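Read off the chains here:
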Amino acid sequence: MILLLGMVLWLVFGVMAASSLLFRHYHDSQILGITLSRAHARQPEVQRVVRSFQRACYLVLALSALASGVLLNPVVQRYAEMSLLVLVMLNLLANWCVISHFQGELRQIKEKNQWTYSRKKIMTVDLSVAREKGRSGVSPFWVWLFLPLSFAPMAVLLLHPALRQRCPLGMSLIGPLCQLLAIFLYYQMRNRHVRVPAEKTEQNLQLARREERINSLCATWCALAMLVFWGLFNLAMLYAPGGFLVVVPVAVLTISLLWIARWQQKKTREAEDALLGTVTEEEENLQEDSSTWKWGCYHNPDDPRVFVPKRIAGMGWTINIGRPAGKAVGLGTLALIAAVICFVAYSGSRDYQITVRGDQVMIDAAMYDMTIERDQVDAVSVIDQLPSGTRTNGYGGMEKSYGHFYFDGYGACMIYVYNNAGSFIVMRLKGTDPGYVIVNGQTGAETQALYQTLSGWLAE
């Protein structure tokens, strides 16, 4: 388990480092989200900042990897899930601080050299370019085709009800939902506004066509990567329920999306270099408006859009917290993150309690309380290790696991176990949902004492 958590943690650190490093490339007239002309972006002092930023990203990655070594400490392992969240949050904070610091350095360079650009509120539009929208992109047929294909895992579960114990039917809706989001991304990317670089309509047209083709192709690839991930994830859940192989589809999706983002930036830069190489600094129509960003978030009450491109172009979408709907989405997202953190902290720190009282065994666990009547129990036995299986709805941590699980040879089970106690008590029930309840104590001695108590209770 510690190896699996370590792999997940290093994957997150690698993704954050790769994402941050994408910001250093000159794209859509920006470096690190700071608007610069093409000539200014090539200046030695700007390139020196870019190289320093790159070294800082690698340093954050190395320090984060070293910090993950605390998971080897037995004391920390008792709270491994919470520790993992803390390490991820610290890594996010470190990357954000690095980006903010070097953004500040680029702003200072602009102020020192008096590099100022237009701050117009009106977006320049070439009507000839606007009429071309939707004509040069990849056909939407493919992203719509991926949507029905994403229902394949649901079809398998409907045809084979026994597999629903390992992968609940409701979970199979996640794939189609993600594909709907991918369709939304496709149309947003295809219809993305293309900056008008100069008073040269033919150049504007060629650039708009190329960028629309690049953006729609990347959105189609993202949808395909999501479909492949969903298929691999369900295969791992159904036929390799040990948990380790679930990391593989996550890694495949992450690497694919990072490669797509890198390819998009590269091809867009190549198109701009090929078509705008002769555009002079005076002709270049640069616009910036830093007042629309607060606390790293887009804030513009006059912009009717709720979802807008991120400040660093090509890196996805963010919300407009200047609009009421944007505020609601932002607060909802923060509330969801806070709820997940609280649930993990509460679940990892709280021990469950087993109480025998009269004809009942009462199990008190976070969100998974259970009461068992004596006439529900057929037999009580002890096993040395848990069978192979998977969690269907519950908590599975380094120290303890509880909730709904599916085990080979047992079927649907409710478990309340300390993973390293060495032995487990199995109560076979007369029903099938669940068919077994598996419990133990924190030590072998506590488990043996609990077994004697439950055996005596059943024999009464």
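Residues numbered from 1 in each chain as written. Predicted model: local features only at pLDDT ≥ 70, side-chain atom pairs only at ≥ 80, totals over all residues. Heavy atoms only, no water.

Draft legend 1. Highlighting the overall build of the chain. If you tally the helices and strands in the chain, you get 13 helices and 15 strands. For the chain, the residues scored as buried account for 45% of the 460 residues in total. Pairs at least 24 apart in sequence give 64% of the contacts found in the chain among residues at least 6 apart. Of the roughly 23300 Å² that the chain leaves accessible, carbon and sulfur atoms contribute 62%. (Helix = DSSP H or I, 4+ residues; strand = E, 2+ residues; numbered from the N terminus. Buried < 20%, exposed > 50% of the residue type's maximum accessible area, 1.4 Å probe, protein only. Contact = heavy atoms within 4.5 Å. Areas by Shrake-Rupley, 256 points an atom, 1.4 Å probe, with all protein chains shown as cover.)

Draft legend 2. Seen up close, the pattern of salt bridges. Here the structure, examined in full by the defined rule, presents three salt bridges. For Lys112, the salt bridge is made with Glu45, and the minimal N-O distance between the two is 3.0 Å. One end of the pair, Lys112, is in helix H5 (residues 80-113); the other, Glu45, is in helix H3 (residues 44-67), and 67 residues separate them in sequence. Take Lys112: its relative accessible area is 59%, and that puts it in the exposed class. Given the relative accessible area of 16%, Glu45 is considered buried. A salt bridge links Lys267 to Glu270, with the nearest nitrogen and oxygen atoms 3.5 Å apart. Highlighted residues: Lys267 and Glu270, both in helix H11 (residues 247-276), separated by three residues, approximately one helical turn. (Salt bridge = Lys/Arg side-chain N within 4 Å of Asp/Glu carboxyl O.)

Draft legend 3. Looking closely at the nonpolar core. Residues Ile372, Tyr416, Val437 and Val439 are the most contacted members of the largest nonpolar core, which totals 24 residues. The set of elements that each furnish at least two residues to this core consists of strand E8 (360-364), strand E9 (370-373), strand E10 (377-383), strand E13 (411-418), strand E14 (424-429), strand E15 (436-439) and helix H13 (444-459). Residues contacting Val439, with those up to four places away along its chain left out, are Ile354, Ile363, Tyr416, Val417, Phe424, Ile425, Met427, Leu450 and Leu454. (Core = buried A, V, L, I, M, F, W, Y, C linked by side-chain atoms within 4.5 Å.)

Draft legend 4. Region of the structure containing the confidence of the model for the chain. Of the residues in the chain, 80% reach a pLDDT of 70 or more, and the chain-wide mean stands at 79. Per-element averaging of pLDDT across the chain places helix H6 (residues 127-130) at the bottom with 50 and helix H7 (residues 141-149) at the top with 93. Considering only residues more than four positions removed or in separate chains, one finds that residues 120-127, a stretch of pLDDT under 50, has 16 contacts. (pLDDT = per-residue confidence, 0-100.)

Draft legend 5. Spotlight on unusual backbone geometry. We note that Gln114 has phi near 55°; this positive angle belongs to a residue other than glycine. Along the chain, the position of Gln114 falls in the loop between H5 and H6. By relative accessible area, which is 66% here, Gln114 ends up exposed.

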